[in-house]
Amino acid sequence: MQENTLSSNSYRLRCSIAGHEMDVRGLAAAVSPEGALVSVSRDRTGRIWVPNSSDRFTEMQRLSGHSNFVSCVCVIGPSETYPRGLVATGGNDNNICVFALDQAQPLYTLKGHKNTVCTLSSGKFGTLLSGSWDTTAKVWLSEKCMMTLRGHSAAVWAAAMLPEQGLMLSGSADRSIKLWKAGQCERTFTGHEDCVRGLAVISATEFFSCSNDGSVRKWLLTGECTQVYYGHTNYIYSMAVFPDSGDFVSTGEDRTVRIWRSGECTQTIRLPAQSVWCCCILPNGDIAVGASDGIIRVFTEAEERVASARDLRAFEDELADATIDPKTGDLGDIKVEELPGREHLDEPGNRDGQTRLIKDGQKVEAYQWSVSDSRWVKIGDVLGGSDQQTSKSVMYEGKEYDYVFTIDVNEGGPSMKLPYNASEDPWLAAHNFLQKNDLSPMFLDQVANFITENTKGQVAGQAAAAGHAAGPAPPQPASGDPFTGGARYIPGGTDTSPRIGGDPFTGSGRYIPGSGPGSGPDSAAPEGVADPFTGGGAYSSAGAAGQKSTNIYFPKTDGVTFEQANVSQIVGKLKELNAGAPQEHRLSEGFLESLRGLLASVCGLADAPPTVQQILLLWKATRWPEGQRAPVRRDRGRRAVRPPPEPDEARGPRGQSDAGAAHPLQLLQRRARPCAPHGPARSRPVAGRRLGRRRVQ
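Residues numbered from 1 in each chain as written. Predicted model: local features only at pLDDT ≥ 70, side-chain atom pairs only at ≥ 80, totals over all residues. Heavy atoms only, no water.

### Side note on helix α6 (residues 589-602)
Inference 1: Across its 14 residues, α6 extends 20 Å between first and last C-alpha, which sits within 8% of the 20 Å expected from 1.5 Å per residue.
Inference 2: What α6 keeps buried is the set L592, L595, L598, L599, A600, S601 and V602. (Helix = DSSP H or I, 4+ residues; strand = E, 2+ residues; numbered from the N terminus. Expected span 1.5 Å × (residues − 1). Buried < 20%, exposed > 50% of the residue type's maximum accessible area, 1.4 Å probe, protein only.)

And the structure:
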């Protein structure tokens, strides 16, 4: 690649850092060693990277301690005890782990949040601010939670400590930002039209926010929004401010890193990955970004640190080989027959990052104008941009498939690809998908049925429905989400759907089959049902309009095996019902503790098998008054009578538990009646549980 003199506002690749096995979800510049950075990933690890003599980075330490995806990271400043500072990480296991830079295991773990910890920010004197999907923010000092900030009605996706001691900011999926002082909400900022995903402090009186609505806003602490910045064409996930200036960097779901100077987007850098999750600015002014392909990329405007011509060419080739799904909305509406040919690239662009689509034979290619190189750079092939793309196999990870479905599983999380050939067994393909993405096997039937439904009437050799261009979809099934029933949300699309049933993570409506306005026998389903994972409207194909929604979970016509249960909540409900029972039927505290032991045993939380005494307690529950009896049987009985996976171990000594359990279980079976799906302890079928959402209690 021809070398060019870099302008003062032109960033180019310095290096790519490979090491993580899954999405890089958080980045932070370390205090020490100089120039080091910390990354966290969905692969459940954190990594500390230090620069080497060749302007690349070497892994210095791998941080372990989380039992699930790691979502966020921040650096706690130096202290007398820890002169190099500490690293704090938050994860989907609800915990915060705090590490010394030279230790792989955490010094201590902060427990208190009831759901995923998705944002962290550090302040003076070692204070730490955390935000969670449980709708709260917490302030920590050392190993103690000093206060809990309550006020948001949905997940707290962003948090930031302000320079003035005691002042904090939180941004939420309820679309608001709150200013806190001494644990009290001083002010609420409104203006964003979707989830607030990031906050960045400019000074003691100003800050930025970014959102799923595709905008960045600049605020005064007094409450005024002084400027709105538009440029991204999809969700904005993160941002970072250059020191001592109002310039900043932002990243998002449109595959871009954008550099903003004096209120204008002066440079757009596209990556060969759909989701650019996070960014940070290093002390030397370089920009580090993490993406859904598991790669950290560092960009620099210092010519002496720019990657070699060979590495730049490799990066450009990787970008050119990428495929772009037009349904993300990043390229606007595409009318293939109206696209110009390659000669359109002879005309120079008028701004950095400008995009042009050209038709090259049967293919549609996307190009971006590079001001620093004064040329058009190919940024990928457009899926569904030609008949060739929709009539032949789809390439995924170097292999050809008849279908490649896009599955949105976790709210705010990355989309996952499900490749499938018409000759495959849908259940085997579903099993492989769940195993690869570390998802619960309880969703096997859901995913397999989704594959079956979306390939009906299709013949081998046809591409996935995801290959169609934006606009009205063909009659065949759209690449819908098996867990929401709809396809991916497109920012900026019309959302006329009613907000039904608030989602705990996004603060917006979730789709409830057969409920709400328009769900009557003569009503059509709403065209754009609310997406439970984004908080916005779901994409609806033309073929979906006018269809009547049906409840796929009730009534149940076959048996359901419950492999999981919340013991604490079941026991809590039993105590509540027990308090209202007549004195002659009331259970003692000892009985309730025995019931807790029985539940723990059948749920696999205790090593010992159920005892005869514990199982006989089920008989007493059947003698409760009518009002208390049904919910107790549902919660306890459905757990105790399920077939154990290891019969010999679960029953205990032969001839003991079997005989003791036979009579009460027969009575339970004879006396039990069908239970309606409502009441104090609602029935929760496994099939009704959705990934990325808490089950309704």
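### Section: the pairing of strand β1 (residues 12-18)
Inference 1: Buried residues dominate β1, accounting for 5 of its 7 residues.
Inference 2: Sheet analysis places β1 next to strand β28 (residues 295-300), joined by 6 bridges and oriented antiparallel. Its bridge partner lying in β28, L13 is registered against F299. (Pairing = 2+ DSSP bridges.)

### A look at empty space enclosed by the protein
Inference 1: Applying the stated rule across the entire model yields 8 cavities of 30 Å³ or more.
Inference 2: Of the volumes computed, that of the largest cavity is approximately 340 Å³.
Inference 3: Lining the largest cavity are 22 residues, and of these I269, F315, S370, D373 and V377 lie nearest its centre.
Inference 4: Looking at the lining of the largest cavity, the elements that each hand over two or more residues are β1, β25 (264-270), α1 (309-320), β31 (363-370) and β32 (375-382).
Inference 5: Grouping the constituent residues of the lining of the largest cavity by class yields 10 nonpolar, 6 polar and 6 charged. (1 Å grid on protein atoms, 1.4 Å probe; cavity = no way out; pocket = protein on both sides within 12 Å on 5 of 7 lines; lining within 4 Å. Points joined across faces, edges and corners; volume = space filled by probe spheres on them. Nonpolar A, V, L, I, M, F, W, Y, C, P; charged D, E, K, R; others polar.)

### Section: the side chain of D254
Inference 1: By the secondary structure assignment, D254 is in the loop between β23 (248-252) and β24 (256-261).
Inference 2: Taking relative accessible area as the criterion, D254 reaches 0% and is therefore assigned buried.
Inference 3: A polar contact of 3.0 Å, which involves the side chain of D254, links it to the side chain of H232. (Polar contact = N/O pair within 3.5 Å; in protein donor to acceptor, adjacent residues only side chain to side chain.)

### Here we look at the pattern of salt bridges
Inference 1: According to the stated counting rule, one finds 17 salt bridges in the structure shown.
Inference 2: Between E59 and R47 there is a salt bridge, and its shortest N-O distance comes to 3.1 Å. Residue E59 is found in strand β5 (residues 57-63), and its partner R47 is found in strand β4 (residues 46-51); the two are separated by 12 residues along the sequence.
Inference 3: Assessed through its relative accessible area of 2%, R47 is described here as buried.
Inference 4: The shortest N-O distance in the salt bridge between R261 and D247 comes to 3.9 Å. Note that R261 is positioned in strand β24 and D247 in the loop between β22 (236-241) and β23, a separation of 14 residues in sequence.
Inference 5: The network of salt bridges with common partners includes R14, D55, D286 and R305. (Salt bridge = Lys/Arg side-chain N within 4 Å of Asp/Glu carboxyl O.)

### Focus on helix α5 (residues 567-579)
Inference 1: Over its 13 residues, α5 runs 18 Å from end to end, which matches the ideal 18 Å to within 8%, given 1.5 Å per residue.
Inference 2: Taken together, the buried positions of α5 are V567, I570, V571, K573, L574, L577 and N578. The buried side chains of α5 occupy one side of the element, clustering within an arc of 160 degrees when seen end-on. The exposed set on the far side of α5, more than 90 degrees from its buried face, consists of S568, E576 and A579. (Arc of directions from axis to C-beta.)

### Topic: the sheet that holds β23
Inference 1: Across the sheet, which stays open at both edges, the 4 strands sit in the order β22-β23-β24-β25 with antiparallel pairing between neighbours. Two strands close off the open sheet at either side, each with one partner strand: β22 and β25. Each strand axis lies, on average, 20 degrees off the axis of its neighbour in the sheet, ignoring direction.
Inference 2: Relative to β24, β23 is paired through 4 bridges, and the arrangement is antiparallel. Each residue of the ladder has a partner; that of S250, found in β24, is R258. (Axes fitted to C-alpha atoms, helices over the stretch in contact; angles between N-to-C directions.)

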